[in-house]
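Observations on the model geometry
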Amino acid sequence: MNEREPVLSVRNLSKTYMQGKIPVHALTDVSFDVKKGEFISIVGPSGSGKSTLLSMMGLLDKPTSGSVFIDGMEVTKAKEGDAPKIRREKIGFVFQRFNLIPTLTALENVDIAMRFARVSKHKRKERSVELLTQMGLEGRMKHKPSELSGGEQQRVAIARAMSNHPAIILADEPTGEVDTKTRDMIVALLKELCEKGQTILVVTHDMDVAEKTSRRITMRDGKIASDTQQ
Amino acid sequence: MLDLIIRSITQRKLRTGLTMFGIGLGIFAVMVMGGMSEYFTLHVDRGLSLMADKIHVLPESGFFGGSLDDSKARKVKSIPGVLDAYGLLWMPYDVESLGFFGNFVVGLEPEKQAATLKDIKLTEGRLLVPGDGYRTVIGSNVARQLKLHTGDEIEVKSKQFVRASTITHSRNFTVVGIMEFTGTDFDYIIGVPLDTARKFYDMEDTLTYIWVIPEPDVDADDLAKRIELNVENVATFSPNQLRKQIEQSMVVVSLITLSSAVLAAIIGGLSIMNTMLMSVSERTKEFGLMKAMGAEIRDILYLTVGEAALMGILGGVLGIAGGAVFIYYMNEYLASMGAVIFAITPRLVVIALLFATLLGIMSGSIPAYRAARMKPMEAMRRE
């Protein structure tokens, strides 16, 4: 396992917000590596810095200091203009509230991510159908998000995150809005994707989800409290 | 991406409809006002080409106040530099009207028709010939308004003041020719032989205008001044003065058109901006999400500006269609009343559509900029 190259490296990452005149240290000197095909969870109580960490890794926010490397590239040094390219080529996002575009069908919601990557129409269609079929949604492709269950919506979101073959999928509380049965199904699906070689990082406060991942990082007060293989 | 824009527009039918109606209304105003301006421009250009080669001589005290007579015409003709000078009697067709608008009975010497009407063609019949008594050549609007063809009769009335009362005479004139549409005053004339007109109106020696054709190589402005100096109690309009006067009145028309366009821009622009601001703030999360998925700023700009531009174009088409229909029926109606005042030219349609599109793009760009600048994380956190 150890000879695998890290897909994601976090080095001495710190983030300080100003709340009025009082500095809030959301992250302090966080470092860790994620290897290809790992299914890793980051847990911790709210305010422990796990969501901030996710934003930094996803180039959705800038750190105060430290670096994030994805596929050996220091993304925290990337120019503002390069961020979209890195996001669509290296990272797939899965959000708590699914965040599908309500006016588009399941198929179009997967398709749109590839549009921004300028994938040809034919290839987009092929890939969308392939992914949705893999997610067990072959009969629901023409449905709008409002016509899909929470579990189905999240599977569409996962298919969308996968569409551009990202180096890593960052999932923010992916089971936060679904019942336990659906939760188990989603976690099983993510695990299956990892077994096929996809690297997935899940931020969650649900210990039942964290227990099913192969590695668990626990955050407390902006620092790593523990990092355990399980 | 165009399909996404169309999706977004059609998804919000009522709002899109209302916005398009707003722009449509603005463009409608541009079409109607522009149509009027276009008509006047055509009218003036043609009118200038028809009339502005002559010096117009009128009585000093005004159009209908003073009088000119044959001796004055002869005097004008004798001035060096004058190639030809001839008189016209210009009377309102409707004796009750003030005589500034509407149709006119014009008495002219048949021999001078070629010089007066220049290259105006006839759609029916023939010109007047010497010896034609109660016969007439009419303008296209007269024919349209009164539904006349060659061979038909037109009743003309004259009013004469005898002591304290008035006597109204009426005579039928036979239509022998109908002129083509020119967009000028000639569309409103009932041309009759000068001698017949004078007899009918009991104005044996009177003339309304004297039209002067200068000799080639003679400066018309100088000649006009010489006429004023040599002939008593006359005022002249040289071609340049005529042109200037017309151009001045065109400035007013242009101002009306311009202000209507500005008004349209404000109405249409605000309605697009309002709709787009609403649409953008409603979709804040969507744009944040798109950015998280790796959308470039130009992708978001394309989607939002494109939506605004498309609404502008659709509204523009609506306004142009509405304006065209309005102008068509208005012209039909006005023609039956005796006056056409609108013209739709290809130039006007192109300008109206470009205007609508630009309006869409410009008023869409502020909301679009807002959408594109959104930080993905902030956008996502909004509920």
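Note that this is a predicted model, so its numbers are computed, not measured.

With that settled, consider the overall build of chain B. If you tally the helices and strands in chain B, you get 12 helices and 12 strands. Its C-alpha atoms give chain B a radius of gyration of 30 Å, more than 25% over the compact-globule value 21 Å for 383 residues. Every one of the 383 residues in chain B was classed for burial, and the buried ones make up 50%. A sequence separation of at least 24 residues applies to 79% of the contacts in chain B between residues at least 6 apart. As presented, chain B carries roughly 18500 Å² of accessible surface, and 62% of it is formed by carbon and sulfur atoms. Taking the 37 positively charged and 41 negatively charged side chains of chain B as two groups, their mean positions are separated by 10 Å.

Another aspect to go through is the sheet that holds strand E8 (residues 199-203) of chain A. Strand pairing in a sheet takes place through backbone hydrogen bonds and is either antiparallel or parallel in direction. All names here are of chain A. In space, the six strands of this open sheet follow the order E6-E7-E8-E3-E9-E10, with mixed pairing throughout. Each end of this open sheet is capped by a strand with a single partner; those strands are strand E6 (91-94) and strand E10 (223-229). On average, each strand axis in the sheet is tilted by 20° relative to the strand beside it, whichever way the strands run. Two strands pair when backbone bridges link them, and strand E3 (residues 39-43) and E8 are joined in this way by four bridges, in the parallel orientation. What sits directly across from Ile40, in E8, is Leu201. Across the sheet, helix H1 (residues 50-57) touches E3, E6, strand E7 (168-172), E8 and strand E9 (215-220), and the angle it forms with E7 is around 145°. Sitting on the sheet, helix H5 (residues 150-162) is in contact with E6 and E7, with an inclination near 170° to E6.

Attention now goes to the packing of helix H2 (residues 13-51) of chain B against helix H11 (residues 346-373) of chain B. Residues and elements named next belong to chain B. For the pair H2 and H11, the least separation of the axes is 10 Å and the interaxial angle reads 150°. Between H2 and H11, the interaxial angle falls into the category roughly antiparallel. In this structure, the crossing between H2 and H11 has a hand that is right-handed. For the pair H2 and H11, the contacting residues are Ile23, Ile27, Val30, Met31, Gly34, Gly35 and Glu38 in the first and Arg347, Leu348, Val349, Ala352, Phe355 and Ala356 in the second. When its residues are assigned to classes, the contact of H2 with H11 shows nine nonpolar, two polar and two charged.

A few words now on the interface of chain A and chain B. Each partner contributes residues to the interface: chain A has 24 residues there, and chain B has 22 residues. Taken together, the two surfaces of chain A and chain B that pack against each other cover about 2200 Å², and 58% of this comes from carbon and sulfur. Summed over the three residues of chain A that lose the most area to chain B, namely Leu60(A), Arg115(A) and Phe116(A), the buried surface amounts to 27% of that side. Summed over the shared surface of chain A and chain B, the result is four salt bridges. Between Asp299(B) and Arg118(A) there is a salt bridge, with the nearest N and O atoms lying 2.8 Å from each other. Sorting the residues of the side of chain A that touches chain B by element identifies helix H2 (83-90) and helix H3 (106-116) of chain A as the ones contributing at least two each. Here the side of chain A that touches chain B takes five residues from H3(A), the largest share from any one element. Residue composition of the side of chain A that touches chain B, by class: 11 nonpolar, four polar and nine charged.

Here we take up the sheet that holds strand E5 (residues 73-74) of chain A. Residues and elements named next belong to chain A. Pairing is antiparallel across the open sheet formed by four strands, whose spatial order is E2-E1-E4-E5. The strands lining the two open edges of the sheet, one partner per strand, are strand E2 (22-35) and E5. As judged from the five bridges shared by strand E1 (residues 6-19) and strand E4 (residues 65-70), these two strands associate in the antiparallel manner. Note on E4: the bridge partner recorded for Leu8 is Ile70. H1 rests against E1, E2 and E4 of the sheet, and its axis sits at about 120° to E1.

Attention now goes to a nonpolar patch on the surface. A contiguous nonpolar surface patch, about 580 Å² in accessible area, is contributed by Val251(B), Leu255(B), Leu258(B), Val262(B), Ile266(B) and Leu270(B). The topology assignment puts Val251(B) in helix H8 (residues 239-282).

Quick look at the side chain of Asp206(A) now. All names here are of chain A. In this structure, Asp206 sits in the loop between E8 and helix H7 (207-211). Within the local environment of Asp206, its side chain forms a polar contact with the backbone nitrogen of Asp208, the two atoms lying 3.0 Å apart. Beyond its immediate stretch of four places on either side in the chain, Asp206 contacts Thr175 and Arg183.

Below, the discussion takes up H3(A). All names here are of chain A. Along H3, 10 of the 11 residues are buried, which leaves the element largely enclosed by surrounding structure. Buried residues of H3: Ala106, Leu107, Asn109, Val110, Asp111, Ile112, Ala113, Met114, Arg115 and Phe116, and no others. Two residues or fewer after H3 comes Arg118, characterised by a positive phi angle close to 60°.

Another point: the nonpolar core. One finds Leu8(A), Phe32(A), Ile42(A), Leu53(A), Met57(A), Leu201(A) and Met290(B) to be the most contacted residues of the largest nonpolar core, which totals 63 residues. Beyond its immediate chain neighbours, meaning those up to four positions away, Leu8(A) contacts Phe32(A), Asp33(A), Val34(A), Met57(A), Val68(A), Phe69(A), Ile70(A), Ile168(A) and Leu201(A). Leu89(B), Val175(B), Ala197(B) and Val212(B) belong to the second largest nonpolar core, which has 35 residues in total.

Reading the values: rules and limits
- Residues numbered from 1 in each chain as written.
- Chains lettered and ligands numbered in written order.
- Predicted model: local features only at pLDDT ≥ 70, side-chain atom pairs only at ≥ 80, totals over all residues.
- Heavy atoms only, no water.
- Helix = DSSP H or I, 4+ residues; strand = E, 2+ residues; numbered from the N terminus.
- Rg over C-alpha atoms; globule rule 2.2 N^0.38 Å.
- Buried < 20%, exposed > 50% of the residue type's maximum accessible area, 1.4 Å probe, protein only.
- Contact = heavy atoms within 4.5 Å.
- Areas by Shrake-Rupley, 256 points an atom, 1.4 Å probe, with all protein chains shown as cover.
- Lys, Arg positive; Asp, Glu negative; His and termini not counted.
- Charge placed at Lys NZ, Arg CZ, Asp CG, Glu CD.
- Pairing = 2+ DSSP bridges.
- Axes fitted to C-alpha atoms, helices over the stretch in contact; angles between N-to-C directions.
- Parallel < 35°, antiparallel > 145°, perpendicular 65-115°, else oblique.
- Left-handed = near helix turned anticlockwise from the far one by under 90°.
- Nonpolar A, V, L, I, M, F, W, Y, C, P; charged D, E, K, R; others polar.
- Buried area = accessible area lost by both parts, 1.4 Å probe.
- Salt bridge = Lys/Arg side-chain N within 4 Å of Asp/Glu carboxyl O.
- Patch = residues over 30% accessible without salt bridge, like charges linked within 9 Å, V, L, I, M, F, W, Y side chains within 5 Å.
- Polar contact = N/O pair within 3.5 Å; in protein donor to acceptor, adjacent residues only side chain to side chain.
- Core = buried A, V, L, I, M, F, W, Y, C linked by side-chain atoms within 4.5 Å.

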